[in-house]
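Structural overview for review
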Amino acid sequence: MMKKMSMSTSKTSLVLFLCQIISALDVPLDSKLLEELSQPPTITQQSPKDYIVDPRENIVIQCEAKGKPPPSFSWTRNGTHFDIDKDAQVTMKPNSGTLVINIMNGGKAEAYEGVYQCTARNERGAAVSNNIVIRPSRSPLWTKEKLEPNHVREGDSLVLHCRPPVGLPPPIIFWMDNAFQRLPQSERVSQGLNGDLYFSNVQPEDTREDYICYARFNHTQTIQQKQPISVKVFSMDSLNDTIAANLSDTDIYGAKPVTERQPVLLTPTGSTSTKVELRGNVLLLECIAAGLPTPVIRWIKEGGELPANRTFFENFKKTLKIIDVSEADSGNYKCIARNALGSVHHVISVTVKAAPYWITAPRNLVLSPGEDGTLICRANGSPKPSISWLANGVPIAIAPEDPSRKVDGDTIIFSHVQERSSAVYQCNASNEYGYLLANAFVNVLAEPPRILTPANKLYQVIADSPALLDCAYFGSPKPEIEWFKGVKGSILRGNEYVFHDNGTLEIPVAQKSNAGTYTCVARNELGKIQNEVQLEIKDPTMIIKQPEYKVIQRYGQVSFECIIKHDSTLLPTVTWLKDNDELPDDERFLVGKDNLTIMNVTDKDDGTYTCIVNTTLDSVSASAVLTVVAAPPTPAIIYARPNPPFDLELTGQLERSIDLSWIPGDENNSPITSFVVEFEDALHEPGVWRYQTEVPGTQTMAQLKLSPYVNYSFRVIAVNRIGRSQPSEPSEQYLTKSASPDENPANVQGIGSEPDNLVITWEPLKGFQSNGPGLQYKVSWRQKDVDDEWTSVIVANVSKYIVSGTPTFVPYEVKVQALNDLGYAPEPSEVIGHSGEDLPMVAPGNVQVHVINSTLAKVHWDPVPLKSVRGHLQGYKVYYWKVQSLSRRSRRHIEKKILTFRGNKTFGMLPGLEPYSSYKLNVRVVNGKGEGPASPDKVFKTPEGVPSSPSFLKITNPTLDSLTLEWGSPTHPNGVLTSYTLKFQPINNTHELGPLVEIRIPANESSLILKNLNYSTRYKFYFNAQTSVGSGSQITEEAVTIMDEAGILRPAVGAGKAMASRQVDIATQGWFIGLMCAVALLILILLIVCFIRRNKGGKYPVKEKEDAHADPEIQPMKEDDGTFGEYSDAEDHKPLKKGSRTPSDRTVKKEDSDDSLVDYGEGVNGQFNEDGSFIGQYSGKKEKEPAEGNESSEAPSPVNAMNSFV
């Protein structure tokens, strides 16, 4: 029987193939590229060659293939075309070659027996499947027969024949009684390979009337029962009693007692026989003997040894089992049956033949026009298989001529191929025991160069380490690759660089000078393409001050330093370890920025401390040892560890216990708190001392529990508050007797490592747990819920056993029992394991996306059938990525995101989406082996959202009555902009806000001139953008119209009404300046007078005068929250701050527009004059929203106060 084709069945099946004449093309595993390239058909899935079907269910004959363009399918049945359109019971699945034969609606499976073959064809060739032989399973009834009772004398042999009906496939045989209990089997009574029940000698207890043979037909899940067989055993005592009752006292009577007999073979008969087995199968040889006492069977191979690790004995050593046989296992195998009276032997001559097997299977070729290549098909077998070739499913001798093709036995040589040379070739290797069929295509492609590495990819490496710059490419003919540094640099050559065949440029020792832009150019005769990548060289991370060795007294404090130097663009993380493990979870350990401090040091803190510094690119570490010593003792008393105990004595020796006594040593001023007893097993682990027990310090004797088959020595260690003493001298040795094991291996597990195996592992018993010589393990397994017998094998010196040929991911019951030369351990408990997982076969279906809002979507899918998961269902993965923004219509580098949903969930939320964008997603099921196939990509779009704030707002060209506003569109429009909204209001010199004016501006505008404004007036502007969803966040700005040269303002228009005003800036008038100087002089004189009076002892009632003449505008501070008067910290009424003044360039960004002096202060919410004096105004948080009222937003200054007069 042939194996599955050696080519991959995954989507990325094109891989690197090498011809013997010239290297074939390397097709990268890029899914987008693979979808674009033409490809001949490839069979990816097909039914087994020998396909036994259940006659009660529909017949499904699988045939799946891929190719570009997608292939069409046809079938042959018994060598002729099978027209499925003419048979109403037969349908073909859409986009597939799989046939479904409807048996459950009246069809008969027997009518569809035959040999089927599938052909997948497209314009580049045709691939064919194996010959699939369809046969319905059969489970016939037992033929009626009259069974006579079996009367047997005690000690004679007996064979109960089963002779089950011939079924398809053959049934499984087992013997049970009327109560459906399995009949016990032993070395004396056992079932043969043919299903018969053999008695080497019968005993009276074998008498019963319900020996029933059962045949189980697994394919149809039916069990057939033979009629019960009766066995009557006559013992010698009962026979003598019967004779005595019928004879007189004078007669001589008495049956002969049971006589012992030497062995005689029940099966096989004669002295020799032959056996033929196929390579890779399991060889089963059987010898069952009669005799009394019951013979023991032994197996040998004449002229050689039984193969190690592949030989097993079953059925009480009556069956020899050799797995995975090869030609080397041919030879003569002798079974010897022996008891106390003699022996008998039989020689089985084994010949191992072989169905064809691959030496070199043909592999796909991808060639360029004009190139050469070869297809090689080499197989072996016994006898040697014959090789034949087909082209597109037709014998090559009658296939269309191809001048570029030449057949030479097991090789096809191609020379100067052209695109018309593309085809699928089949190699058939066959002998009398089976055949192999493999498809391999020759695909001739002419493609211009493509570079698959993303453009402007950034590579970061540490200085003095290798740098690898990728240039993944494809083209046919194979492109030549050249590298340049910089956009117009010269081609790179020399020993400084290494150029790899896959296009990668390697700089073995990268330096700072190597940083920059590198250009990769790929060219062939069909075109040229280039790509740029960026290389950044980072400084290495170094520990410039390492932790140092420390010796510290107990209960002291110690600190280790770890000062690092690193590249400024890399973010380091520092981790401390103790003895290569995490630091203890103890508040005494304090980890600082560049040090580790341990408070109140104890003896447990002894050890090696390591500082590890990691960045995304490198890692360094340094270690130091901490030694903890005792504090200096007082001169009067010396505290020390106790002296070791001595004079150890063993008494009360029993098989499982012994008494140990000792004399304590000097306790050295610190009372002994306990004694620790250790033991050495000189038989299994000489020189290794293990913990036995611990007793209080007041006790000098211990009763110790012992294990069998251990050569014990004991020693005692005294413990006080200071520490442990040196161990005592060992006691005398005591060897315990052997016994069967007391316990079985722990941690038994059954986990498959491959889809067709079950790996049974366990923790082996330690030497002293063996309880005796000859420690082995009986490994047993059976498929759960199938009612199979336990399959067992006995192994030694291992902790793992691999069961091969299991179905994929099915539960098994597993147990491991210890045994030695004296017997078995107690019956072990069973654990449930599973055979190996395989990748899931089916993608989730019915994927639906519900867009909740512009940044959130919910995805639903139907769960895949659990059978198709083929493993432990771990969850589902949703891959999603942004295809493009609907507002910009510009593509960008696709960055796929992955969300994993654990368990059997059928929905999930996709957060963080960008508004007004097009997305794709697919869903995959995940098991322990990996991910299954992806569902078809699902496209969905997010709706519009509100835009971000305009990128900037700039005010220029101030005049007497106008301002020019310029702005930038939002960085993230999140939809189609419909308009802009401008709001503005004047601010007077007491910082009261005037009426708010709102203007709508078309979305295509980027500037606006505001006219008819008040002269020399400050305005505050609020500007935002709108989409159909709503308004985005706003940006604010302030600006002032200028004043004329004479200082007289003309009529101004504001808030929709024209108001005539005449304003004189008196701060610039001479008379006003003189008046202010006089006032200042009077205040100075007054202060001098007050100071003189105070020095003369007078009191100035400052508090009373302040209370009496309190400024009504200044409110007292509230006691409960510490705020001043009626000024609030609420978001709606926030005063303007001096820090919000427009800079000289009159451009304000959003993040800077509401900055203030308060934000950079020490927590004082006040404002100051230009001379630094406090002026009594308080403000809270930054202003965010326009104020509709006329609250004050800034403390008045003298100049502004003058400007406020009308």
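This text follows the structure it describes.
A brief structural summary. Quantities reported herein were computed from a predicted structural model and do not represent experimental measurements. (Residues numbered from 1 in each chain as written. Predicted model: local features only at pLDDT ≥ 70, side-chain atom pairs only at ≥ 80, totals over all residues. Heavy atoms only, no water.)

**Quick word on the overall build of the protein**
Helix and strand counts for the protein come out as seven helices and 90 strands. Taking all 1206 residues of the protein together, the buried fraction comes to 42%. Long-range contacts, defined as pairs at least 24 residues apart, comprise 65% of the intrachain contacts of the protein with a sequence gap of at least 6. Total accessible area on the protein stands at roughly 64,300 Å², and carbon and sulfur atoms take up 52% of it. (Helix = DSSP H or I, 4+ residues; strand = E, 2+ residues; numbered from the N terminus. Buried < 20%, exposed > 50% of the residue type's maximum accessible area, 1.4 Å probe, protein only. Contact = heavy atoms within 4.5 Å. Areas by Shrake-Rupley, 256 points an atom, 1.4 Å probe, with all protein chains shown as cover.)

**Structural notes on the side chain of N1024**
You can see N1024 is positioned in strand β84 (residues 1018–1026). Not counting residues up to four positions away in its chain, the partners in contact with N1024 are P950, Y980, T981, S1031, G1032, S1033 and Q1034.

**Points about unusual backbone geometry**
Most peptide bonds take the trans form, and the phi angle of most residues other than glycine is negative. Omega for the bond connecting K68 with P69 falls within 30 degrees of zero, at 0°, which places this linkage in the cis form. Looking at the secondary structure, you find P69 in the loop between β4 (63–68) and β5 (72–77). The omega torsion of the bond from T267 to P268 falls at -5°, within 30 degrees of zero and hence cis. For N78, which is not glycine, the phi torsion reads 55° and is therefore positive.

**Here's the deal with the environment of Q534**
By secondary structure assignment, the location of Q534 is in strand β46 (residues 527–538). Sequence separation of Q534 and Y459 is 75 residues, and the distance between their C-alpha atoms is 6.0 Å. For Q534, the side chain forms a polar contact with the side chain of T517, separated by 2.7 Å. (Polar contact = N/O pair within 3.5 Å; in protein donor to acceptor, adjacent residues only side chain to side chain.)

**Some thoughts on the pattern of salt bridges**
Under the definition given, this model contains 40 salt bridges. With its nearest N and O atoms 3.5 Å apart, the salt bridge here joins E327 to R279. Separated by 48 residues along the polypeptide, E327 in the loop between β26 (319–322) and β27 (331–339) and R279 in the loop between β21 (272–278) and β22 (283–286) bring together distant segments of the chain. Here R690 makes a salt bridge to E685, at a shortest N to O gap of 2.8 Å. Each of R153, D156 and R261 takes part in salt bridges that share partners, so that together they form one network. (Salt bridge = Lys/Arg side-chain N within 4 Å of Asp/Glu carboxyl O.)

**Some details on the sheet that holds strand β7 (residues 90–92)**
The antiparallel open sheet is built from three strands, whose spatial order is β3-β8-β7. Single-partner strands in this sheet number two, and they are β3 (59–61) and β7. Here the average twist between neighbouring strands, direction ignored, is 20°. As paired elements, β7 and strand β8 (residues 99–101) share three bridges and run antiparallel to each other. Paired with T91 across the two strands is V100, which belongs to β8. (Pairing = 2+ DSSP bridges. Axes fitted to C-alpha atoms, helices over the stretch in contact; angles between N-to-C directions.)

**Considering the packing of aromatic side chains**
Evaluation of the coordinates by the stated rule reveals 22 aromatic pairs. When the centroid spacing of 5.6 Å and the interplanar angle of 55° are considered together, the rings of W762 and Y777 count as tilted. Of this pair, W762 sits in strand β65 (residues 757–763) while Y777 sits in strand β66 (residues 776–783), and the two are 15 residues apart along the sequence. Assessed through its relative accessible area of 3%, Y777 is described here as buried. (Phe/Tyr/Trp six-rings, centres within 6.5 Å; stacked < 30°, edge-to-face > 60°.)

**Quick look at the environment of I413**
Note that I413 resides in strand β35 (residues 411–414). Taking the C-alpha atoms as reference, I413 lies 7.7 Å from D372; in sequence the two are 41 residues apart.

**What about the state of the cysteines?**
Applying the stated criterion to the full structure yields six disulfides. One disulfide bridge connects C377 with C427, the sulfur atoms lying 1.6 Å from each other. Disulfide C377 to C427: torsion about the S-S bond roughly -65°, handedness left-handed. Placement of C377 in the loop between β30 (373–376) and β31 (378–382) and of C427 in strand β36 (residues 423–431) is noted, with a sequence separation of 50 residues between them. By relative accessible area, which is 0% here, C377 ends up buried. By relative accessible area, C427 is classed as buried at 0%. Sulfur-sulfur distance for the disulfide between C471 and C520 comes to 1.8 Å. Its torsion about the S-S bond being -60°, the disulfide of C471 and C520 is classed as left-handed. Note that C471 is positioned in the loop between β40 (467–469) and β41 (473–476) and C520 in strand β45 (residues 516–524), a separation of 49 residues in sequence. No difference in accessibility class separates C471 from C520, as the two residues are buried. Cysteine pairing for the protein (bonded cysteines numbered in sequence order): 1-2, 3-4, 5-6, 7-8, 9-10, 11-12. (Disulfide = S-S within 2.5 Å.)

**Thoughts on the side chain of R715**
Summarising the element assignment, R715 is placed in strand β62 (residues 711–720). Overall, the relative accessible area of 18% leaves R715 in the buried class. A polar contact of 2.8 Å, which involves the side chain of R715, links it to the side chain of E678.

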